[in-house]
Structure formats: structure tokens, C-alpha cells
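Overview (structure and organization)
Next come the chains, spelled out residue by residue.
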Amino acid sequence: MSLENDIVLRPRFKIELKKNNQEILSVFEEAKKTQKDFIVSRVDDHVFIKIPKADQHFWSPQLHLEIMEIDKNSSRLFGLFGPNPTVWTMFMFFHFIVAGLFIGFGIWAYTNWTLKTDFAIQLFVAILMIVLWVALYLGGRLGKATGRDQMVLLHNFMNSLLYSK
């Protein structure tokens, strides 16, 4: 998977590995104890790799890995890059609020238009919601660009553990 080209909102990837999932999970468990460059945590077949608190900023990404056993000698790794779950939830909340207000004020403006009453304020607010949505979109793009270097670091760290032996 190339991270140098285009980064989507929450990039996902899948890798087929020629090792048992327990072997791979134990590599991450060992890395948790032997290195201090990343925060590695594990819950069952899920591994979370984060940037240390001292190096984190608002848009710092984290890498979520799910390592599933295919058979005794192979496994499948599913990876997902994303922002801190709190940041992601807040960002999605803002999107839903803007969309809800756009729909509400759009309906209100249409109703006033069909009743032949003044609808300028409702139309203005609906258009303002479009502007806010564009601002949220641009903010998300800026956040991705800000977290790109750390995303590459997380990806390289994962690869160094998976392909070191």
C-alpha cells in the first residue's frame, strides 16, 4: 500500500500474511514492551498503534489493525488509519448538525415560498450551512495534510514489525 499518493479520509488496507495470527500478535506485544516511539495496545485480535502523547497534536492519526486467522499458517491483516476517536466523533457530529440544519431551513424556506411569505432568512441560513459544510470539508483536508507525516511513521513502524523476520 502506498501512502505517498493520495490519502483518503480514513484509509483502509488489507494484507495477506504467511504467519499465524498469534505469531503476529506476539510481535506487537513484544514491541509494546521493547520500544518507546509508539504506543501499542492490544485487545483480542485488535492492535492499536498511536503516537505518544508528547508528540500528538489535534489531527494525530492512529492505526487500528485487526489480525484474523485464515488457517494455521496464514492470516489476514485489516488496517484502518483514522484520527483519535474523540476527534472523529466530534467531526461527524458537526457534519450531522450542519446537514440537519440545512434540511430544516430548506424545508422551512420552501414552505414559506409556497405560502408566498418572506423566506429570505431561511434561505440565507440554508446557504450558510452549505458554506459551513465546505469549511468542515476543508478543515478535514487540512487535518489530513497535518497528520500525513505521522501516518507514514505509523505505516513504516507496522511494516518494520511485520517484515523484520
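This text follows the structure it describes.
All of the points below concern the structure found in this document. Per chain, residues are indexed from 1 in the order of the written sequence. At least 70 in pLDDT is required for a residue's local features to be given in this predicted model, at least 80 for side-chain atom pairs to be given and counted, and no such filter applies to totals for whole chains, interfaces and linings, which use all residues. Hydrogen atoms and water are omitted, and side-chain values are computed over all heavy atoms in the structure.

On to the overall build of the chain. Numbering of helices and strands starts at the N terminus; helices are DSSP runs of H or I of at least 4 residues and strands are runs of E of at least 2. In terms of helices and strands, the chain carries three helices and five strands. The globule rule puts the C-alpha radius of gyration for 165 residues at 15 Å, and the 22 Å found for the chain is more than 25% above it. A total of 165 residues make up the chain; the buried ones form 36% of that total. Note on definitions: a residue-residue contact is assigned when non-hydrogen atoms from the two residues lie within 4.5 Å. For the chain, long-range pairs separated by at least 24 residues make up 60% of all intrachain contacts whose partners lie at least 6 apart in sequence. Of the roughly 10500 Å² that the chain leaves accessible, carbon and sulfur atoms contribute 64%. If the 18 positive side-chain charges of the chain are averaged to one point and the 15 negative ones to another, these points end up 2 Å apart. Radius of gyration: C-alpha atoms only; globule rule: 2.2 Å multiplied by the number of residues to the exponent 0.38. For the exposure calls, accessible area comes from a 1.4 Å probe over protein chains only, and a residue counts as buried if that area is under 20% of its type's maximum, exposed if over 50%, partly exposed in between. A 1.4 Å probe and the Shrake-Rupley method give the accessible areas. Residues count as covered only by the protein chains that appear here. In this tally, Lys and Arg are treated as positive and Asp and Glu as negative; His is ignored, and so are the chain termini. The location of each charge is read from NZ of Lys, CZ of Arg, CG of Asp or CD of Glu.

Only one face of strand β1 (residues 12–17) is buried, namely the one carrying F13, I15 and L17, since none of R12, K14 and E16 on the opposite face is buried. The pairing of β1 with strand β5 (residues 74–83) spans six bridges and is classified as antiparallel. By the bridge assignment, I15 is partnered in β5 with L77. Between any two strands, at least two bridges found by DSSP are needed for them to pair.

Let us now look at the packing of helix α1 (residues 21–34) against helix α3 (residues 120–162). Angular values range over 0 to 180 degrees, each being the angle between N-to-C directions of two axes fitted as lines to C-alpha atoms, with helices fitted over their stretch in contact. Interaxial distance between α1 and α3 falls to 10 Å at its minimum, and their mutual angle equals 120°. Judged on the interaxial angle alone, α3 and α1 are oblique. In terms of crossing hand, the pair formed by α1 and α3 is right-handed. Within the contact between the two elements, α1 uses I24, V27, F28 and A31 and α3 uses F157, M158, L161 and L162. As a working rule, the residues Ala, Val, Leu, Ile, Met, Phe, Trp, Tyr, Cys and Pro are called nonpolar, Asp, Glu, Lys and Arg charged, and the rest polar, with Gly in that last group. Considering only residue class, the contact of α1 with α3 consists of eight nonpolar, no polar and no charged. What sets the label is the angle itself: under 35 degrees gives roughly parallel, over 145 gives roughly antiparallel, 65 to 115 gives roughly perpendicular, and the rest give oblique. What makes a crossing left-handed is the near helix being turned counterclockwise from the far one by less than a right angle; a clockwise turn instead makes it right-handed.

Centre-to-centre distance and the angle between the planes together describe a pair of aromatic rings. Between 30 and 60 degrees the pair is tilted, below 30 it is stacked and above 60 it is edge-to-face, where a pair is any two Phe, Tyr or Trp rings, Trp via its six-membered ring, whose centres lie within 6.5 Å. Taken as a whole and assessed by the stated rule, the structure comprises eight aromatic pairs. Among the aromatic side chains, those forming a connected cluster through ring pairs are F58, W59 and F91.

We count a salt bridge whenever a side-chain nitrogen from Lys or Arg sits within 4 Å of a carboxyl oxygen from Asp or Glu. Counted under the stated rule, the structure contains two salt bridges. Across the salt bridge formed by R76 and E16, the nearest N and O atoms sit 2.6 Å from each other. Of this pair, R76 sits in strand β5 while E16 sits in strand β1, and the two are 60 residues apart along the sequence. On the basis of relative accessibility, which here comes to 28%, the residue R76 falls in the partly exposed class.

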